[in-house]
Amino acid sequence: MLKEKRYLVLEDGTVYEGYPFGANRASEGELVFNTSMTGVQEVITDLSYTDQIITFTYPLTGNTGMNIEDSESFNPQARGVVVREACTDPSNFRTTETLDAFLKRHDIPGISGIDTRSITRKLRSGGVMKAVITDETYHEDLIELLQNSTFRTDQVKRASTKTPYISTGPGPRVVLIDYGKKENIVRQLNSYGCDVTVVPHDTTADEIRQMRPDGVMLSNGPGDPANIPDQIKTVKALLGIPLFGICMGHQLLGLACGAKTYKMKFGHRGSNHPVKNLSTGKIEITSQNHGFSIDPDTLLGTGLEVTHRALNDDTVEGMRHTEYPAFSVQYHPEAGAGPHDPGYLFNEFIELMNIKEANHA
Ligand SMILES: NC(=O)CC[C@H](N)C(=O)O
C-alpha cells in the first residue's frame, strides 16, 4: 500500500513532500529551525513557539519518547513539527508515549521524511518565513493565500496563565509575570527556595507592589515584545524592585528603559549557543529560543549596559541596569533542556533580593 503524503509549503513557493504524523489537520505558522540534539519535548512544549512550525535539524526525533515530567507547559501552542524521521519505537525508562501520540493528543500536526537541513539553509539565507502543513496537493492559490496571510499578535494573552497561583517555598518571595513561561523557571526558583506567585501577563504594577515581593521575574514568551505596550509600562513602573528578565522578559526590560528591539533574520534556537560573559570573560554554552533582539545602538541613555554577547553573531545576550537592581538575559538560564552553565544567574537574583532586604531592615 502506498504511504499517505503530506506537504510543507513555504511562502517562497518551495514545496517539500513528506509523510503525515501527529494531528490530522492542516496548519499554518512561522517556520523556524531548532538545532538541539536533545529536549524535543521541552522545545515543543515551550510556549515561546506559539504559532510557529518547528523544524528539527537533528535527523532522528522522538527516540527517547515523551514522558510526564519534562513538559514546559501543558497546552503547547506550536503550529507544527517538521522532522527527518519520527521514531515510532522509543526507548527510555520514563517514556509514556510516542512523539506521534503526544502530537495527536495536543492537536499539533507533524510531517516526516523531510530534508530538514535544506530547510535550514533556506531560512538562514532568506530568513524565517510563513509556511503551511497540508495534506492537499499544493496549488498556486495556497502560496498566494500564504503570502497574503497575516500573523496574530495576541500570543502572550493566549499563552499566559489566566489566574494567579502559588508554588510555595521558604523564601524569598518572587512574583513571576507569566508571558508564556517555561515551567522550569518555576522549578528552578523553587529549587533555590523561592516562594513563587505566578501572575497573568496583564497584572498591573500596583497589584504586584501590593503583594510586596522581594523580587519580580519577567518570563519568556511568544511573539514580538513590542506588541505588548501595557506590559512594557508595567515593567517600567516596577523598576526599583529587584528584577530578573529571561528572554521575552529581557526584551521587555530593554523596551521599558527606552531601548528598541528588532526582528532577527532567523533567530537563535538551539541548546549549544556560546555566549560571552563580559565581566568574567568566560564563555557559557546556553539554551536559546528567540527571534527578536535588543538593538545595542539604542541603549545609550537608558541606564542599561550590556553584560553578555553572543559569540556567533555578537548580538546582545544580557544587560544590567546601572541604577536599579535589574538584570536580564536573552538566553535560558533555567535550561530545560540545555546546559546548566548559566545557573549562577539564579544565585545573583537571590543575592540582589537579599541586598535589597538588608537595606530595608
Ligand atoms: N523565548 C522567548 O521568550 C522569546 C522572546 C520573543 N518571543 C522572541 O522570539 O524573541
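Everything discussed here concerns the structure shown above.
Residues numbered from 1 in each chain as written. Predicted model: local features only at pLDDT ≥ 70, side-chain atom pairs only at ≥ 80, totals over all residues. Heavy atoms only, no water.

Q: Tell me what's going on with the overall build of the protein chain, and back it up with residues and numbers.
A: Within the protein chain one finds ten helices and 19 strands. The C-alpha radius of gyration computed for the protein chain amounts to 20 Å, which stays within 12% of the reference 21 Å derived for 361 residues, consistent with globular compactness. Dimensions of the protein chain along its principal axes, counting C-alpha atoms only, are 75 × 45 × 40 Å. Looking at the protein chain as a whole, 58% of its 361 residues are labelled buried. Here the analysis covers contacts within the protein chain between residues at least 6 apart in sequence; of these, 73% occur between residues at least 24 apart. (Helix = DSSP H or I, 4+ residues; strand = E, 2+ residues; numbered from the N terminus. Rg over C-alpha atoms; globule rule 2.2 N^0.38 Å. Buried < 20%, exposed > 50% of the residue type's maximum accessible area, 1.4 Å probe, protein only. Contact = heavy atoms within 4.5 Å.)

Q: I'd like to hear about the packing of aromatic side chains, residue by residue, with values.
A: The tally for this structure, following the rule as stated, stands at five aromatic pairs. Ring geometry for phenylalanine 244 versus phenylalanine 327: centroids 4.5 Å apart, planes at 20 degrees, classification stacked. Here phenylalanine 244 is found in strand S14 (residues 243-246), whereas its partner phenylalanine 327 is found in strand S19 (residues 326-329), with 83 residues between them in sequence. Since its relative accessible area comes to 0%, phenylalanine 244 is described here as buried. Measuring from ring centre to ring centre gives 5.8 Å for phenylalanine 244 and phenylalanine 346, while their planes differ by 70 degrees; the resulting arrangement is edge-to-face. Placement of phenylalanine 244 in strand S14 and of phenylalanine 346 in helix H10 (residues 344-360) is noted, with a sequence separation of 102 residues between them. Side by side, phenylalanine 244 and phenylalanine 346 carry an identical accessibility label, which is buried. Following the ring pairs from residue to residue traces out a cluster consisting of Tyr192, Phe244, Phe327, Phe346 and Phe349. (Phe/Tyr/Trp six-rings, centres within 6.5 Å; stacked < 30°, edge-to-face > 60°.)

Q: Got a sec to walk through the environment of glutamine 288? Specific residues and values, please.
A: The residue glutamine 288 is located in strand S16 (residues 283-294) in this model. A sequence separation of 155 residues divides glutamine 288 from isoleucine 133, and the C-alpha atoms of the two residues are 25 Å apart. Separated by 3.0 Å, the side chains of glutamine 288 and threonine 286 make a polar contact. Polar contacts involving the side chain of glutamine 288 include one to the side chain of glutamate 317, which spans 3.3 Å. (Polar contact = N/O pair within 3.5 Å; in protein donor to acceptor, adjacent residues only side chain to side chain.)

Q: A description of helix H3 (residues 116-126) should follow, citing residues and the corresponding values.
A: Buried within H3 we find Thr116, Ile119, Thr120 and Leu123. For H3, the angular spread of the buried residues around the axis is 100 degrees, confining them to a single face. Turned more than 90 degrees from where H3 packs its buried face, Arg117, Arg121, Ser125 and Gly126 sit exposed. (Arc of directions from axis to C-beta.)

Q: Give a description of the site of the ligand that names residues and reports values.
A: Every one of the 13 residues lining the ligand counts as a neighbour, but Gly221, Gly223, Asn289, Gly291 and Phe292 are closest to it. Take serine 48: an N or O atom from its side chain is 2.9 Å from a nitrogen atom of the ligand. Glycine 223 has a polar backbone atom sitting 2.6 Å from a nitrogen atom of the ligand. Within the complex, the protein chains bury 97% of what would otherwise be the 300 Å² of accessible surface of the ligand. Put simply, the parts of the chain that give the shell around the ligand at least two residues each are helix H9 (248-256) and S16. Broken down by element, the shell around the ligand gets its largest block of residues, four residues, from S16. A breakdown of the residues in the shell around the ligand according to their chemical character gives four nonpolar, nine polar and no charged. (Near = heavy atom within 4 Å. Areas by Shrake-Rupley, 256 points an atom, 1.4 Å probe, with all protein chains shown as cover. Nonpolar A, V, L, I, M, F, W, Y, C, P; charged D, E, K, R; others polar.)

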